[in-house]
Amino acid sequence: IQAPRMPALDEAYLGNFLPGTNGHIFGRFWQLTATRYVMADRAYEAQLNSAVAMPGTAFVPRLTFELGLKPDAQTNHLQVDDFDAVVDPRGHYALLEYTGALPRVKLYTRWEIPTNDVAALARLRDFSFDPAATVLLDSDPGIRPSAQDPAGEATIEDYQPKHSRVKVRAATDAVLLVNDRWHKDWEATVDGKPTVLLRANHLMRGVAVPAGEHNVEFRFQTDTRPLYISLSAIVVGIGLVGFLAVRRQAAPQKTGPVGRQ
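Heads up: these notes are all about the structure in this document. No experiment lies behind these values; they were computed from the predicted model shown. (Residues numbered from 1 in each chain as written. Predicted model: local features only at pLDDT ≥ 70, side-chain atom pairs only at ≥ 80, totals over all residues. Heavy atoms only, no water.)

### With respect to the pattern of salt bridges
Okay, so step 1: Evaluation of the coordinates by the stated rule reveals 13 salt bridges.
Okay, so step 2: Between Asp 180 and Arg 104 there is a salt bridge, and its shortest N-O distance comes to 3.2 Å. Here Asp 180 is found in strand E10 (residues 174-181), whereas its partner Arg 104 is found in the loop between strand E4 (93-98) and strand E5 (105-108), with 76 residues between them in sequence.
Okay, so step 3: Asp 180 gets classed as buried once you look at its relative accessible area, which sits at 13%.
Okay, so step 4: Arg 104 sits in the partly exposed class, given a relative accessible area of 35%. (Salt bridge = Lys/Arg side-chain N within 4 Å of Asp/Glu carboxyl O. Helix = DSSP H or I, 4+ residues; strand = E, 2+ residues; numbered from the N terminus. Buried < 20%, exposed > 50% of the residue type's maximum accessible area, 1.4 Å probe, protein only.)

This is the structure in structure tokens:
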């Protein structure tokens, strides 16, 4: 989606997680946005775990590496592209996995419906709120919550920029959270039948699914009517200018009176 300026929805969401004096708000932001991997200097690993990671979560090194020069690097004029990662168990850098990050897709049997976006953002900042157990919705999903836990499984089977498909095995009626940005032009279907697209956790997509096994699909369908109207107006304008130009050229030239010799 082209955005010449930041949408108000995004601006409010990002502004909600400014760290201030509490670095754990970064951990909450990464948790909600499914940010699972972070590259960092291992010297900051302890600081990330103490000041950023949410309680009960951690940053765990999954791959340690060192920075080395590529074989064809020009040592007399080094650029960023001249360096490469070299796997090294004792390396100074690491790819850290944040264990608190939500999965890209997840089923929920418990949800809350805040009164407005301001209340939803405040709830997301509240460290007593557990986004792994409860999802926030902008409207009633049309199903009843339950105490069923786990709610079931959700697996991404196809993922493309304008189309994705999720396989759901729900133990009971549930809400599917997809941690991708919500937009009004996304359309959702369950087993090929259109369904309501919910806005979840202020910025993400959600869909209510009944108990059982289902295929949930998302398609991005931009309304192209304004574009066609604009193009039609341009074509008509060009045609009108061309018509006037041709008519002017075809018009008989008027001559003045011929003087007597």
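### Some words on the sheet that holds strand E14 (residues 204-209)
Okay, so step 1: One open sheet accounts for four strands, arranged E5-E10-E14-E13; its pairing is antiparallel. The open sheet is flanked by E5 and strand E13 (198-200), the only strands paired with a single partner. Shown here is a sheet whose adjacent strand axes are inclined to one another by a mean of 35 degrees, direction ignored.
Okay, so step 2: Examined bridge by bridge, E5 and E10 share four bridges and lie antiparallel to one another. Across the sheet, Lys 106 pairs through a bridge with Leu 177, a residue of E10. (Pairing = 2+ DSSP bridges. Axes fitted to C-alpha atoms, helices over the stretch in contact; angles between N-to-C directions.)

### Describing the pairing of strand E1 (residues 37-41)
Okay, so step 1: Alternating residues of E1 divide into Val 38 and Ala 40, all buried, and Tyr 37, Met 39 and Asp 41, none buried.
Okay, so step 2: Pairing of E1 with E4, which is carried by five bridges, proceeds in the antiparallel orientation. Within E4, the position partnered with Ala 40 by the bridge is Ala 94.

### Concerning the nonpolar core
Okay, so step 1: Membership of the largest hydrophobic core comes to 23 residues, with the highest contact counts inside it found for Tyr 13, Leu 124, Val 135, Leu 137 and Leu 177.
Okay, so step 2: If you list the elements that add at least two residues to this core, you get helix H1 (8-15), helix H2 (24-32), helix H4 (117-125), strand E7 (135-136), E10, E13 and E14.
Okay, so step 3: Ranked by the residues each element gives to this core, the list is headed by H4, at three residues.
Okay, so step 4: Those residues in contact with Leu 124, other than ones at most four positions away along the chain, are Tyr 13, Asn 16, Phe 17, Arg 28, Leu 32, Phe 129, Leu 136, Asn 201 and His 202. (Core = buried A, V, L, I, M, F, W, Y, C linked by side-chain atoms within 4.5 Å. Contact = heavy atoms within 4.5 Å.)

### Some points on the packing of aromatic side chains
Two measures describe an aromatic ring pair: the distance that separates the ring centres and the angle between the ring planes.
Okay, so step 1: Per the stated rule, a full pass over the model turns up eight aromatic pairs.
Okay, so step 2: For the ring pair Tyr 13 and Phe 29, a centre distance of 6.2 Å and an interplane angle of 50 degrees mean the geometry is tilted. Placement of the pair is Tyr 13 in helix H1 and Phe 29 in helix H2, with a sequence separation of 16 residues.
Okay, so step 3: Classification of Tyr 13 by relative accessible area gives buried; the value is 2%.
Okay, so step 4: Measuring from centroid to centroid gives 5.5 Å for Phe 17 and Phe 29, while their planes differ by 45 degrees, and the two rings are tilted. Pair noted here: Phe 17 is in the loop between H1 and H2 and Phe 29 is in helix H2, with a separation of 12 residues, a long-range link. (Phe/Tyr/Trp six-rings, centres within 6.5 Å; stacked < 30°, edge-to-face > 60°.)

### Here's the deal with the sheet that holds strand E9 (residues 163-170)
Okay, so step 1: Across the sheet, five strands lie side by side as E8-E9-E15-E11-E12; this open sheet has antiparallel pairing. With partners counted over all chains shown, the strands left at the sheet margins are strand E8 (152-160) and strand E12 (193-195), one partner each. Neighbour-to-neighbour, the strand axes of this sheet turn through a mean angle of 25 degrees, independent of strand direction.
Okay, so step 2: Pairing analysis gives eight bridges linking E9 to strand E15 (residues 212-220), with the strands arranged antiparallel. Paired with Ala 170 across the two strands is Gly 212, which belongs to E15.

### Brief notes about a nonpolar patch on the surface
Okay, so step 1: Among the surface-exposed residues, Leu 67, Leu 69, Leu 78 and Phe 83 lie close enough to one another that they form a single nonpolar patch of about 350 Å² accessible area.
Okay, so step 2: Of note, Phe 83 is situated in strand E3 (residues 83-87). (Patch = residues over 30% accessible without salt bridge, like charges linked within 9 Å, V, L, I, M, F, W, Y side chains within 5 Å. Areas by Shrake-Rupley, 256 points an atom, 1.4 Å probe, with all protein chains shown as cover.)

### Observations concerning unusual backbone geometry
Okay, so step 1: Cis geometry is found at the peptide bond from Asp 149 to Pro 150, where omega equals 5 degrees.
Okay, so step 2: In this structure, Pro 150 sits in the loop between E7 and E8.

### Notes on the side chain of Glu 97
Okay, so step 1: Mapping Glu 97 onto the fold places it in strand E4.
Okay, so step 2: One polar contact links Glu 97 to Arg 62, side chain to side chain, over a distance of 2.6 Å.
Okay, so step 3: Among residues more than four places away in sequence, those in contact with Glu 97 are Arg 36, Tyr 37, Ala 58, Phe 59, Val 60 and Arg 62. (Polar contact = N/O pair within 3.5 Å; in protein donor to acceptor, adjacent residues only side chain to side chain.)

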